[in-house]
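Fold and geometry: a report
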Amino acid sequence: MSYETILVEQRDAVTLITINRPQALNALNTQVLAELSDAFAKYDADPSQRCAVLTGSGEKAFAAGADIKQMADKPASDFFLEDFFSGWQRDVVATRKPWIAAVAGFALGGGCEVAMMADFIIAADTAKFGQPEIKLGVAPGMGGSQRLTRAVGKAKAMEMCLTGRMMDAAEAERASLVSRVVPAADLLDEALKTAATIAAMPPMATMINKEMVNLAFESGLNQGVLSERRLFQILTATEDKMEGMAAFVEKRPGVWKGR
Ligand code: CAA
């Protein structure tokens, strides 16, 4: 598949994916979703790639939402029959390997929702997050009301969804929506450096650590703790566990096999 709305490049073991519709503030239309679905599937399937970074082109926006122009005249029955937005959960959230959202400028509506699909967000000091769908007579449709509430708690999520108010980068860091804020000029370097750190970890352990942390969002405490213990026990069967622990005892870096 050749891409028209995204750019994909591999930098050693890190895949950098850039949403590339700067003239529309990287608004997410169905073509962007189809291309991202393809790019994330290829990333997940390529054993040479160990971490990914998703960002937006231009300084102004990560993504200013789902494409309003594409949705404006669409009948409700089409949204339902196409199960509109379901591909984000099926193809993007389902990515088993880790990926980071690097957010500068606006991350609004679907843009905020896609950033929250990432394993974590690194924000530029210019980042602005919001769920302004209410102003369009709708509501989040790609998981925003659920992920935002889990990330920042009911009070802030409710205020943002009901008023459309944007959160700046400093507030987003205080509220734990993002892991870190960096100067805009350093955003991509910082995200790629962090991705390279993850890419150097034992691959199965990164996938299982990701699955474990996500369990905290998806299950009750007892089920989550039990599943964590079982996943931990699975990792103890890997060659990389033998190597990692032997390397520690022998005071040398580990050499990973990915199995
Ligand atoms: N969809 C389609 N086009 C968009 C867009 C979007 N979400 N956001 C911006 N654009 C387009 C604008 O229409 C404009 O195009 P033209 O030059 O052809 O007019 C271009 O991008 C630049 O945008 P602005 O001129 O509006 O830039 P600005 O600096 O004045 O304002 C902004 C920036 C505040 C982000 C403003 O663009 C804005 O409010 N955008 C919409 C934000 C929004 O409501 N997002 C939620 C969408 S709904 C959603 O995401 C669905 C869902 O979850 C259910």
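Keep in mind that what you see is a predicted model, and the values were worked out from it rather than measured.

Here we take up the site of the ligand. For the ligand, the set of nearby residues contains 24 residues, the closest of which are K60, A66, G110, E113 and E133. One of the backbone N or O atoms of G110 is found 2.7 Å from an oxygen atom in the ligand. Contact between the ligand and G141: an oxygen atom at 3.4 Å from a main-chain N or O atom of the residue. Contact with the protein chains covers 65% of the free accessible surface of the ligand, which is 980 Å². When residues of the shell around the ligand are assigned to their parent elements, the largest contribution, three residues, is made by helix 2 (residues 68-71). Among the residues making up the shell around the ligand, the classes are represented as 14 nonpolar, five polar and five charged.

Strand order in the open sheet formed by six strands is 1-2-3-5-7-10, with mixed pairing between adjacent strands. Every interior strand has two partners, whereas the edge strands, strand 1 (6-11) and strand 10 (180-182), have only one. Neighbouring strand axes in the sheet, compared pairwise and without regard to direction, differ in orientation by 20 degrees on average. Note: strand 3 (residues 51-56) against strand 5 (residues 99-103), four bridges, orientation parallel. Across the sheet, the residue bridging to T55 is A102, located in strand 5.

Attention now goes to the packing of aromatic side chains. Evaluation of the coordinates by the stated rule reveals three aromatic pairs. Each residue in the set F79, F84 and F85 is aromatic and connected to the rest through ring pairs, giving one cluster. The ring of F79 has K74 sitting right over it, with the charged end atom 5.7 Å from the ring centre. The lysine or arginine in question, K97, covers the ring of Y43, its NZ or CZ lying 5.2 Å from the ring centre.

What follows covers the nonpolar core. Formed by 57 residues in total, the largest nonpolar core has its most connected members in L54, F62, W88, V103, F129 and L177. Residues contacting L54, with those up to four places away along its chain left out, are I17, I19, L36, F40, F62, W99, I100, A101, A102 and V114. Counting six residues, the second-largest nonpolar core is a separate cluster that includes I208, M212, L215 and L235.

The subject of this paragraph is a nonpolar patch on the surface. On the surface, I68, L136 and V138 cluster together to form a nonpolar patch covering roughly 280 Å² of accessible area. Along the chain, V138 falls in the loop between strand 8 (128-130) and helix 6 (144-152).

The strands making up a sheet are joined through hydrogen bonds of the backbone, oriented either antiparallel or parallel. Pairing is mixed across the open sheet formed by four strands, whose spatial order is 4-6-8-9. Either end of the sheet is taken by a strand with one partner, and the two such strands are strand 4 (61-63) and strand 9 (167-168). Of the pairings in the sheet, the one linking strand 8 to strand 9 comprises two bridges and is antiparallel in character. Residue pairing across strands places F129 opposite M167, the latter belonging to strand 9. Strand contacts of helix 5 (residues 110-117): strand 4, strand 6 (106-108) and strand 8, with the helix running at about 95 degrees to strand 6, the strand carrying the most contacts.

If you roll a probe as big as a water molecule over the atoms, it shows you where there is empty space left. When its volume is computed, the largest pocket comes out at roughly 910 Å³. Around the largest pocket, the lining is made up of 34 residues, and of these M117, A118, D119, N214 and F217 lie nearest the centre. Every element with two or more residues in the lining of the largest pocket is listed here: helix 4 (86-93), helix 5, strand 7 (120-124), helix 6 and helix 10 (203-218). The greatest single-element share of the lining of the largest pocket, amounting to eleven residues, is contributed by helix 10. Residue composition of the lining of the largest pocket, by class: 19 nonpolar, eight polar and seven charged. As a volume, the second largest pocket reaches approximately 510 Å³.

Before going further, it helps to examine the pairing of strand 3. For strand 3, the buried fraction is high: six of the six residues fall into the buried class. Here strand 3 shows no split at all, with C51, V53 and T55 on one side and A52, L54 and G56 on the other all buried. Of the pairings in the sheet, the one linking strand 2 (residues 14-19) to strand 3 comprises six bridges and is parallel in character. Residue pairing for strand 3: I19 is matched across the bridge by G56.

Glancing now at the pattern of salt bridges. Scanning all chains against the criterion turns up 14 salt bridges. With its nearest N and O atoms 2.8 Å apart, the salt bridge here joins E171 to R165. You can call E171 buried: its relative accessible area is 9%. For E190, the salt bridge is made with K193, and the minimal N-O distance between the two is 3.5 Å. Within this pair, E190 and its partner K193 are both found in helix 9 (residues 187-199), separated by three residues, close to a single helical turn. In the salt-bridge network here, residues are joined through shared partners; they are K156, E159, R165 and E171.

Rules used throughout
Residues numbered from 1 in each chain as written. Predicted model: local features only at pLDDT ≥ 70, side-chain atom pairs only at ≥ 80, totals over all residues. Heavy atoms only, no water. Near = heavy atom within 4 Å. Polar contact = N/O pair within 3.5 Å; in protein donor to acceptor, adjacent residues only side chain to side chain. Areas by Shrake-Rupley, 256 points an atom, 1.4 Å probe, with all protein chains shown as cover. Helix = DSSP H or I, 4+ residues; strand = E, 2+ residues; numbered from the N terminus. Nonpolar A, V, L, I, M, F, W, Y, C, P; charged D, E, K, R; others polar. Pairing = 2+ DSSP bridges. Axes fitted to C-alpha atoms, helices over the stretch in contact; angles between N-to-C directions. Phe/Tyr/Trp six-rings, centres within 6.5 Å; stacked < 30°, edge-to-face > 60°. Lys NZ or Arg CZ within 6 Å of the ring centre and 35° of its normal. Core = buried A, V, L, I, M, F, W, Y, C linked by side-chain atoms within 4.5 Å. Buried < 20%, exposed > 50% of the residue type's maximum accessible area, 1.4 Å probe, protein only. Contact = heavy atoms within 4.5 Å. Patch = residues over 30% accessible without salt bridge, like charges linked within 9 Å, V, L, I, M, F, W, Y side chains within 5 Å. Salt bridge = Lys/Arg side-chain N within 4 Å of Asp/Glu carboxyl O. 1 Å grid on protein atoms, 1.4 Å probe; cavity = no way out; pocket = protein on both sides within 12 Å on 5 of 7 lines; lining within 4 Å. Points joined across faces, edges and corners; volume = space filled by probe spheres on them.

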